[in-house]
Amino acid sequence: MSSFRNFKMIGYVVFGRGSFNQLNDILKPHRKDNRPMVFLVDNYFENGANGLVKRIPVQENDKVIFADVTYEPKTTYVDSIAQQLKDEYGTVSGVIGIGGGSTLDLAKAVSLMMTNPGSSADYQGWDLVQKAGVYKAGIPTLSGTGAEVSRTTVLTGPTRKLGMNSDFTPFDQIVLDPELIANAPVNQRFYTGMDCYIHCIESLQGTYLNEFSKSYGEKALELCRKVFLEKDTWDEESDDKLMMASYAGGMSIAYSQVGVAHAVSYGLSYLLGTKHGIGNCIVMNQLEEYYPEGVAEFKRMVEKSGAEIPTGICKGLTDEQFDTMINVSLGMKPLWENALGKNWEQVMTRQKLRDLYEKL
Ligand code: NAD
Ligand code: ZN
């Protein structure tokens, strides 16, 4: 038996300013028997933002659904969209996700649930998905999560927050058009961008590191530095570079793992609903002990961007609540092992983690 990961990648990639205009041609061969293409669009664009909705190549049978991303995707939400589509059409030609990481994850999950029986909660885990979903494409409008390249879709279910990790999960097509991420508000752009920066630090400082991950991680880190430290103003080049940083950062962790910031941030997200990007920033801000250089650089990036990183978010929590976060966090075993090595349980004791949570 081989222990090397045989890594399933996304199908097709188009990159470039204005490449969104090619979407109609890209989708044409995938339109089957008059069945609709379903465009799952981040509800940020619902009121006409960036003029994006008008540009979606909607044909007569197609459907546009605005994704409610107030909360990060839940299995119940995935199931309800898939059920609605099955009730209305039986099946569809494809699901096209246009938005931030939350919308991309929703699109992947809905595609899978068009063909796999039961609830998406049944597939939270590793390699539980049995069948390919319908055709799916992802079009990011924020850069940083790497959700556009990953083999997972992070979902909050009835008992856990865990992705549908499988070889069927990666997109068949992604469209990387940096014009679509223009004008994102400073804070949001920073939080999601720092997700990528943190992926790089955690991957490059981790014990799982290998040349595959390193090659992508170093490139992504270089791009993040250019964007968040070296350039004096945010411009088109920044959007181009950050979009490729996200892609490369995602490729880096796909073949290694994330680390302390993500492991601790998952606890926040589970208990307090803190979103992924901002949660990672809140934690990273206090991780000098684990990533001294990365955290120093992160703080310079915070200062330069003018973004705000909340503090004091664990104030007043009960012992029971701290225990919940600690349990969720310590459950992320591969992340801790990557960060601290095989003996991580001796290093990261419950008390030590409690002290860290209290600092946030
Ligand atoms: P997001 O998708 O949660 O969106 C954050 C906010 O930004 C939303 O209000 C959204 O409407 C808005 N938004 C989207 N595009 C915008 C634009 N162009 N301009 C202004 N606002 C815009 O944010 P995110 O940080 O991209 O994604 C986080 C999600 O990604 C989480 O659900 C997380 O679990 C998931 N994630 C997935 C993976 C993976 O590999 N599948 C990896 C990391 C994170
Ligand atoms: Zn992340």
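Presented here is an overview of the structure given in this document.

Here is what the cut-offs are and how they apply
Residues numbered from 1 in each chain as written. Chains lettered and ligands numbered in written order. Predicted model: local features only at pLDDT ≥ 70, side-chain atom pairs only at ≥ 80, totals over all residues. Heavy atoms only, no water. Phe/Tyr/Trp six-rings, centres within 6.5 Å; stacked < 30°, edge-to-face > 60°. Buried < 20%, exposed > 50% of the residue type's maximum accessible area, 1.4 Å probe, protein only. Helix = DSSP H or I, 4+ residues; strand = E, 2+ residues; numbered from the N terminus. Lys NZ or Arg CZ within 6 Å of the ring centre and 35° of its normal. Axes fitted to C-alpha atoms, helices over the stretch in contact; angles between N-to-C directions. Parallel < 35°, antiparallel > 145°, perpendicular 65-115°, else oblique. Left-handed = near helix turned anticlockwise from the far one by under 90°. Contact = heavy atoms within 4.5 Å. Nonpolar A, V, L, I, M, F, W, Y, C, P; charged D, E, K, R; others polar. Pairing = 2+ DSSP bridges. 1 Å grid on protein atoms, 1.4 Å probe; cavity = no way out; pocket = protein on both sides within 12 Å on 5 of 7 lines; lining within 4 Å. Points joined across faces, edges and corners; volume = space filled by probe spheres on them.

## A few points about the packing of aromatic side chains
Here the structure, examined in full by the defined rule, presents nine aromatic pairs. Geometrically, the ring pair formed by Tyr 44 and Phe 45 is edge-to-face, given 4.9 Å between the ring centres and 85 degrees between the ring planes. A residue is classified by how much of its surface remains accessible, and Tyr 44, at 40% relative accessible area, is partly exposed. Of the residues examined, Phe 45 reaches a relative accessible area of 3% and is grouped as buried. Geometrically, the ring pair formed by Phe 190 and Phe 228 is edge-to-face, given 5.6 Å between the ring centres and 90 degrees between the ring planes. Within this pair, whereas Phe 190 is found in helix 5 (residues 186-204), its partner Phe 228 is found in helix 6 (residues 211-230), the two being separated by 38 residues in sequence. Both residues of the pair, Phe 190 and Phe 228, belong to the buried class. Positioned over the ring face of Tyr 255 is Arg 5, at 5.8 Å from the centre of the ring. Here Lys 74 stacks its cationic end above the ring of Tyr 71, 4.3 Å away from the centre of that ring.

## Some remarks on the packing of helix 5 against helix 10 (residues 292-305)
Relative orientation of the contacting elements helix 5 and helix 10 amounts to 165 degrees, with a least axis distance of 11 Å. Looking at the two axes, helix 5 sits roughly antiparallel to helix 10. The hand of the helix 5/helix 10 crossing is right-handed. In this structure, helix 5 uses Val 186, Phe 190, Met 194, Tyr 197 and Ile 201 to contact helix 10, whose residues at the interface are Gly 294, Glu 297, Phe 298, Met 301, Val 302 and Ser 305. Class assignment of the residues belonging to the contact of helix 5 with helix 10 gives a composition of eight nonpolar, two polar and one charged.

## Considering the side chain of Asn 165
By the element assignment, Asn 165 lies in strand 8 (residues 161-165). Overall, Asn 165 belongs to the buried group, its relative accessible area being 10%. Apart from residues no more than four positions distant in its own chain, Asn 165 is found in contact with Gly 125, Trp 126, Asp 127, Leu 128, Arg 151 and Thr 152.

## Some points on the sheet that holds strand 2 (residues 37-42)
Read across the open sheet, the six strands follow the order 1-9-6-4-2-3; overall the sheet is parallel. Looking at strand neighbours, the two that pair on one side only are strand 1 (12-15) and strand 3 (63-67), the edges of this open sheet. Across the sheet, the mean angle separating the axes of adjacent strands is 15 degrees when strand polarity is ignored. Where strand 2 lies against strand 4 (residues 94-99), five bridges are found, and the strand directions are parallel. Along strand 4, the bridge assignment pairs Val 38 with Val 95. Along the sheet, helix 4 (residues 101-113) contacts strand 2, strand 3, strand 4 and strand 6 (135-140); its crossing angle with strand 4, the most-contacted strand, is approximately 170 degrees.

## Re empty space enclosed by the protein
Tallied over the full model, the rule gives one cavity of 30 Å³ or more. When its volume is computed, the largest cavity comes out at roughly 30 Å³. Together, Leu 142, Ser 143, Ile 181, Ala 184, Arg 189, Trp 234, Asp 239 and Leu 242 line the largest cavity. Counted by class, the lining of the largest cavity contains five nonpolar, one polar and two charged residues.

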